[in-house]
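So you can see what is in the structure, the chains are spelled out below.
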Amino acid sequence: MNRLLSLLFAVLLAPNSNAQMDKASKQLAHDIFKQLIEINTTDSVGNVTMAAEAMAQRFRQAGFPEGDVQVIGPNDRKKNMVVRLHGSGKHKPLLLIGHLDVVEARRDDWTTDPFQFVEKDGFFYGRGTQDMKDADAIMVTTLIKLKQESFVPDRDIILALTADEEGGKSNGVNWLLQNHRDLIDAEFVLNPDELTVWTEQGKAVVVEVEAAEKTYSDYQLVVTDAGGHSSLPTPGNAIYELVNGLARLQQYQFPVELNDVTRAYYERMAKVETGQRSADMKAILKNPPDQAAAARLSHDVNDNAMLHTTCVATRASAGHANNALPQRAEAIVNCRLLPGHTKQEMRDTLVRVLGDPAIALHYVSDTFTVSDTVPTNPVFAPQPLRQDVLSAVEKVAGEMWPGTPVIPTMARGASDGTYTSAAGMPTYEVAGVAVDRDDDREHGRDERVGVESFYRGLDFCHRFLKTLTAGQQ
Ligand SMILES: [Zn+2]
């Protein structure tokens, strides 16, 4: 009896903030995760609809009304699932997005079958364990759990699980925005597609909140010439023209530019860093930014990408014979634009920097077609850094990884957030599944996630969504 009593007290006295996720929820998350990994959702031979249907079934079983669970899409293989947990309606809805598709994986390259859910040495293995079926399973479980708890958020929480983020022609987020905007319309969006809690040998070092994204844009540079016999060189050699232009681009540095998010990034990083780096970070926050400090920081490739728009030559080809003057020389320049800049504006800048009318410059579309039509792609205005999102992350991260800095960042790649941000719904990436810095296996072989890390990620998502929508902000 005494033992029982002391056990009971131990349970009662356990601080709530360290409460572990209950067994039933962990089991449910595990089962959903396994189910998702074992449904092949690659573009080549997989089927996203099967995964969407399976998740819809989970929600119906959990008591979500038929009318709040939709499986819709442009064709039989690429359907998306949308579910809504009703809130009090005090604010406009919150949209959660997660892609169901995964990158191709070959059995021969892997130690285990990538489409079998394998638990081994404290890890779950399988294609999508990091990108991003872990987060999909966590979001599904969390919504079901909130429903079981009869939790009423201060806004509807919508979850869209979608097709073709990694490739393919039927991007689900884009399709939903074009065809069923009403189903997913929201004040803001959370997308746990990026790894944002980083550990070193299991110890948390940083919790990131991605709150801005750069825009991707390719340009084709072409120089043409009459050519001729290589024994009779002419001044207008297409290869030299192109290479000289590219050399001017190499020397060019786009101006330093800060926005809400990168400003917050450097404010916080200045406290984490020490010495010259910390001093430089403070100096670039001055108005105008200290140029010498910016130049020193820009030697680091990450800071360079954070502070500047970048354009870099990524491909080149020229000539048709060893003994002929080139008739054509071409190159691709890939640009990553800071928020607030257009592709047309970037083209004008490139024309100026290349400084040679002989170099023709064309847009390259997302489907690799070359044209001179100004792209209609929207401009990405810099997003606000929402205080409610940041505060909720800080509160929960403070409980789960005490003392770990929370740092807003700007993604240098692009995700499905591109579509939602462009549609006027600010999008933030935060995911509670911690991964060791040297164990990022997204798109790679033997993709895996720590078992404990996965369950803590579930705990994070549950606490985070409750904090964010509890109506006490
Ligand atoms: Zn992903």
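Residues numbered from 1 in each chain as written. Predicted model: local features only at pLDDT ≥ 70, side-chain atom pairs only at ≥ 80, totals over all residues. Heavy atoms only, no water.

### Details of the sheet that holds strand β4 (residues 118-120)
Here is the rule: A pair of strands is treated as paired once DSSP finds two or more bridges between them. Under the DSSP-based scheme used, a helix requires at least four consecutive residues in state H or I and a strand at least two consecutive residues in state E, with every element numbered from the N terminus. Fitted lines through C-alpha atoms give the axes, limited to the stretch in contact for helices. The angle between two N-to-C directions lies from 0 to 180 degrees.
Taken in spatial order, the three strands line up as β4-β5-β20 in an open sheet, and their pairing is antiparallel. The sheet is open, and its two borders are formed by β4 and β20 (448-450), each paired with just one other strand. The mean angle between the axes of side-by-side strands here comes to 25 degrees, regardless of whether they run parallel or antiparallel. In the sheet, strand β5 (residues 123-125) pairs with β20 via three bridges, with the strands oriented antiparallel. The residue of β20 that forms the bridge with Phe 123 is Gly 450.

### Describing the pairing of strand β17 (residues 406-411)
In plain terms, the rule: Burial classes: relative accessible area under 20% of the type maximum marks a residue as buried, over 50% as exposed, and values in between as partly exposed (1.4 Å probe, protein chains only).
Taking burial as the measure, the six residues of β17 include six buried ones, the bulk of the element. Bridge count for strand β9 (residues 203-213) against β17 is six bridges, and the pairing is parallel. Of the residues in β17, the one forming a bridge with Val 207 is Val 406.

### Looking at the sheet that holds strand β8 (residues 197-200)
Note the threshold: Any two residues having at least one pair of non-hydrogen atoms within 4.5 Å are treated as being in contact.
In spatial order, the strands read β17-β9-β8-β19; together these four strands make up an open sheet with mixed pairing. The open sheet is flanked by β17 and β19 (434-436), the only strands paired with a single partner. Here the average twist between neighbouring strands, direction ignored, is 35 degrees. Sheet analysis places β8 next to β19, joined by three bridges and oriented parallel. Bridge pairing in β19 places Thr 199 opposite Asp 436. Packing against the sheet, helix α8 (residues 260-272) makes contact with β9 and β17, and its axis sits at approximately 135 degrees to β17. Seen against the sheet, helix α13 (residues 387-400) touches β9 and β17 and runs at an angle of roughly 130 degrees to β17.

### Describing the pairing of strand β6 (residues 157-162)
Of all six residues making up β6, six are buried, and the element is well covered by its neighbours. Both faces of β6 are covered, namely the face carrying Ile 157, Leu 159 and Leu 161 and the face carrying Ile 158, Ala 160 and Thr 162. Here strand β2 (residues 80-85) pairs with β6 via five bridges, running antiparallel. Its bridge partner lying in β6, Met 81 is registered against Leu 161. Two elements, strand β3 (residues 94-99) and β6, share six bridges in a ladder whose sense is parallel. The residue of β6 that forms the bridge with Gly 98 is Leu 161.

### Section: the packing of aromatic side chains
This is how the line gets drawn: In this analysis, rings of Phe, Tyr and Trp, with Trp reduced to its six-membered ring, are considered paired at centre separations within 6.5 Å, and the interplanar angle assigns stacked below 30 degrees, edge-to-face beyond 60, and tilted for intermediate values. Criterion for a charge above a ring: Lys NZ or Arg CZ within 6 Å of the ring centre, and within 35 degrees of the ring normal.
Counted under the stated rule, the structure contains 14 aromatic pairs. Considering the side-chain rings of Phe 117 and Phe 124, the 4.8 Å spacing of their centres and the 25 degrees angle between planes classify their relative orientation as stacked. Phe 124 matches Phe 117 in its accessibility class, with the two residues each being buried. Centre to centre, the rings of Phe 124 and Phe 454 are 5.8 Å apart; their planes meet at 90 degrees, and the pair counts as edge-to-face. Residue Phe 124 is found in strand β5, and its partner Phe 454 is found in helix α15 (residues 451-468); the two are separated by 330 residues along the sequence. Judged by relative accessible area, Phe 124 falls into the buried class, the value being 0%. The class for Phe 454 is buried, based on a relative accessible area of 0%. In this structure, Lys 120 packs its charged tip against the face of Tyr 125, placed 5.0 Å from the ring centre.

### Description of empty space enclosed by the protein
As a reminder of what qualifies: Here a cavity is any set of points on a 1 Å grid over the protein atoms alone where a 1.4 Å probe fits but cannot get out, and a pocket is any open set with protein on both sides within 12 Å along at least 5 of 7 lines; a residue lines the site when it has an atom within 4 Å of a point. Grid points are joined across faces, edges and corners, and a volume is the space filled by probe spheres set on the points. Residue classes follow a fixed rule: Ala, Val, Leu, Ile, Met, Phe, Trp, Tyr, Cys and Pro count as nonpolar, while Asp, Glu, Lys and Arg count as charged, and any other residue, Gly among them, counts as polar.
Counted by the stated rule, this structure contains three cavities of 30 Å³ or more. A volume near 150 Å³ is recorded for the largest cavity. Where the lining of the largest cavity is concerned, the elements lending two or more residues are α4 (133-148) and α15. The biggest single contributor to the lining of the largest cavity is α15, with five residues. The residue inventory of the lining of the largest cavity, partitioned by class, reads 13 nonpolar, two polar and no charged. As a volume, the second largest cavity reaches approximately 50 Å³. Every residue lining the second largest cavity is listed: Gln 130, Met 132, Asp 134, Ala 135, Pro 192, Asp 193, Glu 194, Leu 195, Ala 431 and Val 433. When its residues are assigned to classes, the lining of the second largest cavity shows six nonpolar, one polar and three charged.

### Considerations on the state of the cysteines
Basically, it comes down to this: In what follows, a disulfide is any cysteine sulfur pair within 2.5 Å.
On inspection of all chains with the given rule, the structure shows one disulfide. Between the sulfur atoms of Cys 311 and its disulfide partner Cys 335 the distance amounts to 2.1 Å. Between Cys 311 and Cys 335 the sulfur-sulfur dihedral comes to about 110 degrees; the bridge is accordingly right-handed. Taken together, the residues Cys 311 in strand β12 (residues 310-318) and Cys 335 in strand β14 (residues 328-337) connect sequence positions 24 residues apart.

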